[in-house]
Amino acid sequence: MGLTVWVWPRLAGRGVLPVLGRLGSILMTQLAIVAALMLAVNSWGEFYGTWNQLLGRVDKAPVNVNEMGKGGPYATVGSSKDGLVQPAGPQGLDKVGGIPRGAADKEGKVQSVRIVGQRSRAVNPAFVYLPPQYFQKQYERHRFPVMVVISGYPGGIMNLAQHLQVPQTAGKLLSENKMQPTVIVMVRPTIAPPRDTECVDVPDGPQAETFFTKDLPDALKSTYRVGADPSAWGVLGYSSGGTCALQLAMRQPDVYPAAAALSGDYKVGNDLTTGNLFGSGEAAKQKQREHDLVWRLQHMPVPRVSVLVTSSKKGEKNYGETEKFLKAVKEPMTASSIILPEGSHHFTTWRREIGPVLEWMSQQLTFPQDTADKPKPPEKKPEEGKKPEPGTSEEPRPESAGGGEEKAGGSAGDEPGEPSARPEGKGTGDRPDEEAQE
């Protein structure tokens, strides 16, 4: 604008060149203003993290990501078993207030990472919240439950940390003994920005459902001490992320048996941001019907999952569909709800709901699920010329996978209050130590 004011007198004459000069100056001024506004909005919403994302040049998973870390299968990020969780830059995390920055064993830690999908070939940014117990000595053999938290579209992971305040709320609930120590993974719903993939496996396109149900769990299990059984896993989100959470749980209950949706929708359709998600022909129509959750409840086997949905009687468009969905739920599925008298499709409403949602989700997840493998003691060799005494064995005794440590860990995860909607068989004592047996 300053340059335009400075050169304007020189462009005051008549003729083609002065007119073109004035038009060019006005055009450049307007473009500069619009670009500045767009950059400010992107900085606030973290819609695109890089210019490549904005231009559609999305990074793909490299074929040779197979580095074996020296620290074993539970090494630090960047030296994990398959390199599926890699360290990333701050991704805006350094601008978020209230996240733990002190001693990890007292406050916990939030890591900024990239999740590499082996099957979907997607590389997605993420924040990972690790509770203080994850770093404490008495929990060093325990596997922790996992909550996958998905943002709305076109928002990014910054919205989950800065505006929804997921790690801050989790830390507060932990300090008040209202939530089990849980690993929380914050991701966005699309794996091919700027396209809205809606957690759907698109024919000949992005495989978003595969990323969330196969790649993401595999990556987390290869890097962190998290439960291997589905009873330790849940998924939640707001807006489009809530839609994804419900879709993933009802379509893949053996991966996510618990889900929560803040102002989510109950079916997925094509629009300008999604493009064609289902292909063409009769198969595409059937696939789209299967992404209508009310239709699934009426025409397909009902999954054994627990869900929580939220809406507002005034101010949210999904209230009628939420009531319709709740009425369609039947056994063995269970449903809970948070219905506000007045709200909006905005963080001011979702921040009111996130605390109770995290507390509810924590009640659905098993902790401690099992214990991590412990190295066997070295084998003792008998002294030369000396035979073992009768009735004794020189072989080391195998440790019990469910010994006293698990009992102690169970008391740590025994939170007050019963879950409002827990499916049968949920509980710390209902499953054997399958991982230890493996």
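Keep in mind that what you see is a predicted model, and the values were worked out from it rather than measured.

Things to note about the overall build of the protein
For the protein, the count of helices and strands is 14 helices and 9 strands. Going through the 438 residues of the protein one by one, you find that 49% of them count as buried. Considering only residue pairs separated by 6 or more positions, the protein has 73% of its internal contacts joining residues 24 or more positions apart. Counting every atom, the protein has about 22200 Å² of accessible surface; 54% of that belongs to carbon and sulfur.

Brief notes about the confidence of the model for the protein
Parts of the model with low pLDDT should not have their predicted coordinates read in detail. Per-residue confidence for the protein gives a mean pLDDT of 80, with 76% of residues at or over 70. This stretch, residues 58-82, has a pLDDT under 50; its non-local contacts, to residues over four places away or in other chains, come to 45 contacts. Note on residues 384-438: pLDDT under 50 across the span, and 75 contacts to partners over four residues away in sequence or across chains.

Describing the environment of Lys-106
Of note, Lys-106 is situated in helix α4 (residues 104-107). Along the primary structure Lys-106 and Pro-131 are separated by 25 residues, whereas in three dimensions their C-alpha atoms are 8.6 Å apart.

Re the sheet that holds strand β6 (residues 233-238)
In space, the 9 strands of this open sheet follow the order β1-β2-β3-β5-β4-β6-β7-β8-β9, with mixed pairing throughout. Each end of this open sheet is capped by a strand with a single partner; those strands are β1 (85-87) and β9 (334-340). Averaged over neighbouring strand pairs, the angle between their axes works out to 25 degrees when direction is ignored. Two elements, strand β2 (residues 109-116) and strand β3 (residues 123-130), share 8 bridges in a ladder whose sense is antiparallel. Note that in β3 the partner of Ile-115 across the bridge is Asn-124. Contacts from helix α7 (residues 208-223) reach β1, β2, β3, β4 (146-150), β5 (183-187) and β6 within the one sheet, and its direction differs from that of β2 by about 125 degrees.

Brief notes about the side chain of Ser-239
Structurally, Ser-239 is set in the loop between β6 and α8 (240-251). The class for Ser-239 is buried, based on a relative accessible area of 15%. Beyond its immediate stretch of four places on either side in the chain, Ser-239 contacts Gly-152, Leu-262, Ser-263, Gly-264, His-345 and Trp-350.

Describing unusual backbone geometry
For the bond from Pro-193 to Pro-194, the omega torsion is 5 degrees, close enough to zero to count as cis. Between Glu-331 and Pro-332 the backbone carries a cis peptide bond, its omega angle lying at 5 degrees. Along the chain, Pro-332 turns up in the loop between α11 (319-328) and β9. We note that Ser-263 has phi near 60 degrees; this positive angle belongs to a residue other than glycine. As for its position among the elements, Ser-263 is in the loop between β7 (258-262) and α9 (281-290).

Some words on the pattern of salt bridges
Under the counting rule described, the total for this entry stands at 7 salt bridges. Between Lys-137 and Glu-140 there is a salt bridge, and its shortest N-O distance comes to 3.5 Å. Of the residues examined, Lys-137 reaches a relative accessible area of 62% and is grouped as exposed. One salt bridge connects Glu-209 with Arg-251, and the closest N-O pair in it is separated by 3.0 Å. Note that Glu-209 is positioned in helix α7 and Arg-251 in helix α8, a separation of 42 residues in sequence. The exposure class of Glu-209 is buried, given its relative accessible area of 7%. Assessed through its relative accessible area of 21%, Arg-251 is described here as partly exposed. Bridged by salt links that share partners, the residues Arg-119, Asp-215 and Asp-218 form one connected network.

Re the environment of Thr-4
The topology assignment puts Thr-4 in helix α1 (residues 2-7). At 2.9 Å, the side chain of Thr-4 and the side chain of Thr-29 are in polar contact.

A closer look at the pairing of strand β8 (residues 306-312)
Along β8, 7 of the 7 residues are buried, which leaves the element largely enclosed by surrounding structure. Side chains Ser-306, Leu-308, Thr-310 and Ser-312 of β8 all project onto a buried face; the interleaved residues Val-307, Val-309 and Ser-311 project onto the opposite face, where all are buried too. Summarising the sheet, β7 and β8 pair through 5 bridges and their orientation is parallel. Paired with Leu-262 across the bridge in β8 is Thr-310. Note that β8 and β9 share 7 bridges and pair parallel. Directly across from Ser-306, in β9, lies its bridge partner Thr-334.

About the criteria used
- Residues numbered from 1 in each chain as written.
- Predicted model: local features only at pLDDT ≥ 70, side-chain atom pairs only at ≥ 80, totals over all residues.
- Heavy atoms only, no water.
- Helix = DSSP H or I, 4+ residues; strand = E, 2+ residues; numbered from the N terminus.
- Buried < 20%, exposed > 50% of the residue type's maximum accessible area, 1.4 Å probe, protein only.
- Contact = heavy atoms within 4.5 Å.
- Areas by Shrake-Rupley, 256 points an atom, 1.4 Å probe, with all protein chains shown as cover.
- pLDDT = per-residue confidence, 0-100.
- Pairing = 2+ DSSP bridges.
- Axes fitted to C-alpha atoms, helices over the stretch in contact; angles between N-to-C directions.
- Salt bridge = Lys/Arg side-chain N within 4 Å of Asp/Glu carboxyl O.
- Polar contact = N/O pair within 3.5 Å; in protein donor to acceptor, adjacent residues only side chain to side chain.

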